[in-house]
Amino acid sequence: MTPRTTLPEPPKLPKNGVRVVALGGLGEVGRNMTVIEYGGKLLIVDCGVLFPDDTQPGVDLILPDFEYLDGRWDDIVAVVLTHGHEDHIGAVPYLLRNRQDIPIVGSKLTLALVEAKLKEHKITPRTLTVREDDIENFGKFECEFVAVNHSIPDALAVFIHTPGGTLLITGDFKMDQLPLDGRITDLRAFARLGEEGVDLFLTDSTNADVPGFTTPERNIAPAIERVFATSEKRIIAACFSSHIHRVQQILDAAGKTGRKVAFVGRSMIRNMGIASEMGYLHVPDNVLVDVRKLAKLPPNQVVLICTGSQGEPMAALSRMANQDHQIEVGEGDTVLLASSLIPGNEKSVYKVMNGLMKLGANVVHKGNAMVHVSGHASAGELLYAYNIVKPKNVLPVHGEWRHMLANAELARQTGVPDENVVVAEDGVVVDLVDGKARIVGQVPAAHVYVDGGNVGTSDEDLLKDRRILRDEGFVSIVVVRDPETGKIISGPDIHARGVSEGEKILQRAVPKVEQALEEARLKGTTDVHQLQQVVRRAMGGYIGGKLKRRPMIIPVVINA
């Protein structure tokens, strides 16, 4: 079952029905946030951010759209967080601006990462720490937490029991049978919940189109150790600032080869400090040093661990590639990209890789060495999950359309009836009534942009203007006219920036602008705004027809 392009507003939720609204995470990898309603109360699962791509210049973060919650903030009983990745917790500070006393529920590590983030926003949250096998009640929502394996410790799935039906939300998970922390996905709990009855299964789709099983984390240790054994100068490793397992493997390899390690970047230093203090990260003796002391060490004893594996423009690795960082990458250095490409980031990552290689670095990545494995279940693992849980209805989540459609097909293959497989997008309302999940409407779920210190003030029109300025340039035209006669007494004066043809060629448009203004004068047009549009059309027609460009054109008409 797939949504139409436009749907009506949802009707009133039927008595004893459960409503599910994803405000992010469907059709995209990031911005995960799901609102579940029963009996007039709301439970939120995850509240994450999406990182911008090159079509969104100037944007720092993209948030879920909270408009759906307006007027209902007091109905929220809790926010349950499945794990500590930014795409699941990054928007919590912005949510709590609307009501600071909403209980935030999660595992010990997840809450530690959230609390550190909230401290920067000067927010002191109400928190409740849970672990696997715990059961907590939030109004009519009974939540049972299940251990799942992911690329960050302490990840949890959540089984939500309401009088109107049951939901099992996996969060991000995989079925690594030899995890680094010894904490496997609890398939026995999945089976038990399946026996109890799962009315709606919301499951991770990210690797649904990848056949087989995700490679165990332990299998990549030899590849990382080979990088350390063969690198003659510095090693610069880039990964997510919350990827504790990968950082652990890099620290272990450094300890074995006698290298010193320094963390680079505020988020990396903060998160690894939290992980170490809480016992999730074990730093070998005498390995960790302050980055300022590395200059005194020979290059073959140096390891830097930083952010920027996704090509983020302001992250440490991108700035190194652009030679805009205190750490200068040079000939013979090895850069280890210890992450998978998030869909949509390919161009940015390749740009960083090319910049580093141009500086003489050897770049090792998942494409040429097994230095990273995914944190998400592949198709074989998802089939196991479906066969164990045996859900009545399925709603694929966390993925682009190709991922969700592949996940939906896996559900059908395991016997879930086609009419009970719901493929939806952000904002689509799914009601679970009498054991049947159905699409019933749509609510706002637009991208909300964090632009510097502003939230939600940037829109698509503004971003379009920025893209035009970046890609096509800027042209201004100033004309001074006599208000009594309407005749031009000065100009048109043309100034251009970012237009490769230059102002000299643009001067050829002056006669066309003058002719257009004269025609407007003869028609009796005197309004300045209308005259500016005449100038814009004349200049735009010339540039578009002759130069095949579409720069931003700013006409200025002044009455003398």
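Preceding this section is the structure that the text describes.
Residues numbered from 1 in each chain as written. Predicted model: local features only at pLDDT ≥ 70, side-chain atom pairs only at ≥ 80, totals over all residues. Heavy atoms only, no water.

J.: Describe the side chain of Ser476, naming the residues involved and giving the relevant values.
T.: Tracing the backbone through its elements, the reader meets Ser476 in strand 23 (residues 474-481). Look at Ser476 and you get buried, because its relative accessible area is 14%. Look past the residues within four positions of Ser476 in its chain and what remains in contact with it is Asp493, Ile494, His495 and Ile554. (Helix = DSSP H or I, 4+ residues; strand = E, 2+ residues; numbered from the N terminus. Buried < 20%, exposed > 50% of the residue type's maximum accessible area, 1.4 Å probe, protein only. Contact = heavy atoms within 4.5 Å.)

J.: Kindly report on helix 6 (residues 244-257), identifying the contributing residues and their values.
T.: An α-helical segment advances 3.6 residues per turn. Residues three or four places apart therefore align on the same side. Spanning 14 residues, helix 6 covers 20 Å between terminal C-alpha atoms, matching the ideal 20 Å at 1.5 Å per step. Among the 14 residues that make up helix 6, 10 are buried, leaving the element largely enclosed by the rest of the structure. Among all positions in helix 6, only Ile244, His245, Arg246, Val247, Gln248, Gln249, Ile250, Leu251, Ala253 and Ala254 are buried. Where helix 6 is buried, its residues touch helix 3 (108-120), helix 5 (221-230), strand 13 (235-238), strand 14 (260-263), helix 7 (266-277) and strand 15 (302-306). Positive backbone phi, at 75°, marks Gly258, one or two positions downstream of helix 6. (Expected span 1.5 Å × (residues − 1).)

J.: A description of the nonpolar core should follow, citing residues and the corresponding values.
T.: Core analysis: the largest hydrophobic core is formed by 67 residues, its most contacted members being Met33, Leu69, Leu95, Val247 and Ile305. Looking at which element gives the most residues to this core, the answer is helix 3, with 7 residues. Of the residues that make up this core, three or more belong to each of domain 1 (18-212 + 374-444) and domain 2 (217-364). Once residues lying within four places of it in the same chain are set aside, the contact partners of Val247 are Cys239, Phe263, Met268, Met272, Leu281 and Ile305. By size, the runner-up hydrophobic cluster in this structure holds 63 residues, among which are Val148, Ile169, Leu200 and Val428. (Core = buried A, V, L, I, M, F, W, Y, C linked by side-chain atoms within 4.5 Å. Domains from an automatic or database assignment.)

J.: Hey, could you go over the sheet that holds strand 11 (residues 165-169) for me, with residue numbers and the actual values?
T.: Pairing is mixed in the open sheet, where 6 strands are placed in the order 8-9-10-11-12-18. This sheet does not close on itself; its edge strands, each paired only once, are strand 8 (135-138) and strand 18 (393-397). Neighbouring strand axes in the sheet, compared pairwise and without regard to direction, differ in orientation by 20° on average. Of the pairings in the sheet, the one linking strand 8 to strand 9 (residues 141-147) comprises 4 bridges and is antiparallel in character. Looking at strand 9, one finds that Ile135 is bridged to Glu144. Here helix 4 (residues 187-196) sits on the sheet and contacts strand 9, strand 10 (156-162) and strand 11; the angle it forms with strand 9, its principal contact strand, is near 150°. Each of strand 11, strand 12 (200-204) and strand 18 is contacted by helix 10 (residues 379-389), which is oriented at about 165° to strand 12, the strand it contacts most. (Pairing = 2+ DSSP bridges. Axes fitted to C-alpha atoms, helices over the stretch in contact; angles between N-to-C directions.)

J.: Account for the pattern of salt bridges, with residues named and values stated.
T.: A complete count under the given rule lists 23 salt bridges for this structure. Across the pair Glu196 and Arg192 runs a salt bridge whose closest N-O atoms are separated by 3.3 Å. Of this pair, Glu196 and Arg192 are both found in helix 4, 4 residues apart, which corresponds to roughly one turn of the helix. For Arg192, a relative accessible area of 35% gives the class partly exposed. (Salt bridge = Lys/Arg side-chain N within 4 Å of Asp/Glu carboxyl O.)

J.: I'd love a proper account of the environment of Gly171, names of residues and values included.
T.: Within the secondary structure, Gly171 is located in the loop between strand 11 and helix 4. For Gly171, a relative accessible area of 11% puts it in the buried group. Sequence separation of Gly171 and His83 is 88 residues, and the distance between their C-alpha atoms is 7.6 Å.

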